[in-house]
Every structure is written in structure tokens, then in C-alpha cells.
Amino acid sequence: MLVLVSVALTAVTGAISHQARTIKYLQDKTMATMVAMQAVNEVHVGLLVPPSDARNQYYQSTMLNHVWYWDLTVQATSHAHIKKIVVRVFTYHPTDHER
């Protein structure tokens, strides 16, 4: 009987741990999407001018007490009047991990 209870508790603990990791992942993914959309909106309204050269310029935003790092590039498309905006969002400063 005691073995059965310990196996059941181990399974429940594992399930709760997995669920907590999943919730954290979804929260981070949602927040990163919000940071990226904010960057795109700033470009659209003219508050942010993307760098004209190919070098990466990293930006920093704080949202819900968490610091996010991001960069953006503007790429040409097959249509001359439409540009593609690519935003990459990081939970760490990218230059810290490039070494």
C-alpha cells in the first residue's frame, strides 16, 4: 500500500512540474510576441527607425517587470512597396551568448 502511494505521489509531482514548465513557456512566448508587436507598431508610427545598414542593433524593453532584448531588420519583398519586418526577441542580451 505504501509503495502504491509513493508511486502515485511521484507521478502527480511529475505532472505538476511538467504543467508548471508548460505554463512558464506559454507566458514567455506570449510576452515575446507582445514585445515584437510593440516594435512593429513603433516602426509603423515612426517612433522607431530601423538601422539602414546590415549590422544588428539590439534594443531593450521592460514588460511586466521582465527585461526583453530584441532586434529588427527590414527586408525587401517581391513587391517594391512592401517591406518585411523581422523582429527577434530574447530573454538575454544576444551578445552575451555569441562568444
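Residues numbered from 1 in each chain as written. Predicted model: local features only at pLDDT ≥ 70, side-chain atom pairs only at ≥ 80, totals over all residues. Heavy atoms only, no water.

Asks: Explain the environment of Thr10 to me, please; I cannot follow it from the model alone.
Replies: Topologically, Thr10 is positioned in helix α1 (residues 2–45). Look at Thr10 and you get exposed, because its relative accessible area is 56%. A polar contact of 2.8 Å, which involves the side chain of Thr10, links it to the backbone oxygen of Ser6. (Helix = DSSP H or I, 4+ residues; strand = E, 2+ residues; numbered from the N terminus. Buried < 20%, exposed > 50% of the residue type's maximum accessible area, 1.4 Å probe, protein only. Polar contact = N/O pair within 3.5 Å; in protein donor to acceptor, adjacent residues only side chain to side chain.)

Asks: Would you mind showing me how to read the packing of aromatic side chains here?
Replies: Both the distance between ring centres and the angle between the ring planes are used here to describe each pair of aromatic rings. Counted under the stated rule, the structure contains three aromatic pairs. Between the aromatic rings of Tyr58 and Phe90, the centroid separation amounts to 6.4 Å while the plane-to-plane angle is 70 degrees, which identifies the pairing as edge-to-face. Note that Tyr58 is positioned in the loop between α1 and β1 (59–63) and Phe90 in strand β3 (residues 83–90), a separation of 32 residues in sequence. Taking the relative accessible area as the measure of exposure, Phe90 reaches 14% and is therefore buried. (Phe/Tyr/Trp six-rings, centres within 6.5 Å; stacked < 30°, edge-to-face > 60°.)

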